[in-house]
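This is what each chain is made of:
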Amino acid sequence: VLLLPKANRCAAHAVEYLHGRGIDYELIDFCISTGRLYESYPHYNAVFVGQDLDGKPRYANLRGIGTDFIGDANGSDKRYSFAIAEDPAAPSVHLFESAIDLLSYATLLKMKGRDWRQDAMLSLGGVFKQKQEFVIPMALSQYLQDHPGVHTLCLHLDNDEVGRDAAAGIMAGLGDRYEVLDRPPPSGKDVNDLLLQRRLGQAKRKEEWSR
């Protein structure tokens, strides 16, 4: 049974923390209004909630605000990680290591003028050094079981040894049944690094225009 941390009356700390990492307010508001995000009390962690097809919370990842704390709530079922998949018939799904990377990618889509709600996006709840070649993350297996119309997987995992190893494992394990596209961030360690670089570049360009 999932034991969700007690919710704070408002999520001001979590909102500013995520916006400080470059994530668009619209994305943050959407996650709060749909029960995917809240702020815990009394520790003021950002809580990312994974839901099943009925919208029932089944998983929660806690991330410290102003601390390095990261952990899952007791009773979390890793098959149901944080996701935004508004179109249940979407033929492809974008995969990320963390909820923050997922929200960063959605923000990049919005910056390009795209409707981020049209893309199915799933956080894998972290990936780990593989002991076997064909390890498929539990969250991905469950998502594919729940969405049989998917035929393309887009991997946006980190530019480090663990992320590259996990991407290779998914491609080896599912490449015969799905089109698997390896799309790591072109620069930076992860998608959030890429978002912050783009935001910084955008801010510099605006500064130059205003001179």
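Structure's up top.
I will try to describe carefully the structure that is included in this document. Values in this document were obtained by computation on a predicted structure and should not be read as measured data. (Residues numbered from 1 in each chain as written. Predicted model: local features only at pLDDT ≥ 70, side-chain atom pairs only at ≥ 80, totals over all residues. Heavy atoms only, no water.)

Considering the side chain of Arg-63
Part 1 of the argument: Within the secondary structure, Arg-63 sits in strand E3 (residues 57-63).
Part 2 of the argument: As a buried residue without a salt bridge, Arg-63 has its nearest oppositely charged side chain in Asp-101, at a separation of 7.3 Å.
Part 3 of the argument: In contact with Arg-63, not counting residues within four places along its chain, are Tyr-17, Arg-21, Asn-45, Ala-46, Phe-48, Phe-69, Ile-70, Ser-98 and Ile-100. (Helix = DSSP H or I, 4+ residues; strand = E, 2+ residues; numbered from the N terminus. Buried < 20%, exposed > 50% of the residue type's maximum accessible area, 1.4 Å probe, protein only. Lys, Arg positive; Asp, Glu negative; His and termini not counted. Salt bridge = Lys/Arg side-chain N within 4 Å of Asp/Glu carboxyl O. Contact = heavy atoms within 4.5 Å.)

Describing unusual backbone geometry
Comment: phi is negative for the bulk of residues other than glycine, and the bulk of peptide bonds are trans.
Part 1 of the argument: Here the residue pair Tyr-41 and Pro-42 is connected by a cis peptide bond, since its omega of 10° sits within 30 degrees of zero.
Part 2 of the argument: Its identity as a non-glycine residue notwithstanding, Tyr-44 has a phi of 55°, on the positive side.
Part 3 of the argument: Within the secondary structure layout, Tyr-44 lies in the loop between strand E1 (37-39) and strand E2 (46-51).

Re helix H3 (residues 99-111)
Part 1 of the argument: Compared with the 18 Å implied by 1.5 Å per residue over 13 residues, the 18 Å span of H3 between its first and last C-alpha is a close match.
Part 2 of the argument: Extensive coverage of H3 is indicated by the burial of 11 of its 13 residues.
Part 3 of the argument: Taken residue by residue, H3 has Ala-99, Ile-100, Asp-101, Leu-102, Leu-103, Ser-104, Tyr-105, Ala-106, Thr-107, Leu-108 and Leu-109 as its buried positions.
Part 4 of the argument: Two residues or fewer past H3, Gly-113 is found with a positive phi of approximately 85°. (Expected span 1.5 Å × (residues − 1).)

A word on the nonpolar core
Nonpolar side chains tend toward joint burial in soluble globular proteins.
Part 1 of the argument: Counting residues in each nonpolar core, the largest one holds 29 residues, and the members touching the most others are Leu-18, Ile-23, Phe-48, Ile-84 and Leu-103.
Part 2 of the argument: Among the secondary structure elements, those contributing two or more residues to this core are helix H1 (12-20), helix H2 (25-33), E2, H3 and helix H6 (191-209).
Part 3 of the argument: With near-sequence residues (within four places) excluded, Leu-18 lies in contact with Ile-23, Ile-28, Leu-37, Phe-48 and Ile-100.
Part 4 of the argument: One finds Leu-122, Leu-153, Leu-157 and Val-180 within the second-largest nonpolar core, a separate group that totals 22 residues. (Core = buried A, V, L, I, M, F, W, Y, C linked by side-chain atoms within 4.5 Å.)

Describing the environment of Pro-57
Part 1 of the argument: For Pro-57, the location among the structural elements is in strand E3.
Part 2 of the argument: Given a relative accessible area of 33%, Pro-57 falls into the partly exposed group.

Points about the sheet that holds strand E9 (residues 179-182)
Part 1 of the argument: Read across the open sheet, the 5 strands follow the order E5-E7-E6-E8-E9; overall the sheet is mixed. The sheet is open, and its two edges are formed by strand E5 (83-84) and E9, each paired on a single side.
Part 2 of the argument: Here 4 bridges tie strand E6 (residues 92-96) to strand E7 (residues 120-123), and the two strands are oriented parallel to one another. Bridge pairing in E7 links Val-93 to Ala-120.
Part 3 of the argument: Helix-sheet contacts for H3 involve E5, E6 and E7, and the interaxial angle to E7 is about 155°. (Pairing = 2+ DSSP bridges. Axes fitted to C-alpha atoms, helices over the stretch in contact; angles between N-to-C directions.)

What to know about the sheet that holds E1
Part 1 of the argument: Reading across the sheet, the 4 strands line up as E1-E2-E3-E4 and stay open at both edges, with antiparallel pairing between neighbours. Sheet topology places E1 and strand E4 (70-72) at the edges, where each strand pairs with a single neighbour. Between one strand axis and the next, the sheet turns by 25° as a mean value, whatever way the strands run.
Part 2 of the argument: Relative to E2, E1 is paired through 3 bridges, and the arrangement is antiparallel. Paired with Glu-39 across the two strands is Ala-46, which belongs to E2.
Part 3 of the argument: Contacts between H1 and the sheet are confined to E1, E2 and E3, with E1 contributing the most and set at about 120° to the helix.

A word on the packing of H1 against H2
Part 1 of the argument: Running from N to C, H1 and H2 cross one another at 140°; their axes reach a closest spacing of 10 Å. Considering only the axes of H1 and H2, their crossing is right-handed. Counting all contacts with H1, which are made through Val-15, Glu-16, Leu-18 and His-19, the residues of H2 involved are Tyr-25, Ile-28 and Ile-32.
Part 2 of the argument: Classifying every residue of the contact of H1 with H2 by side-chain character gives 5 nonpolar, 1 polar and 1 charged. (Left-handed = near helix turned anticlockwise from the far one by under 90°. Nonpolar A, V, L, I, M, F, W, Y, C, P; charged D, E, K, R; others polar.)

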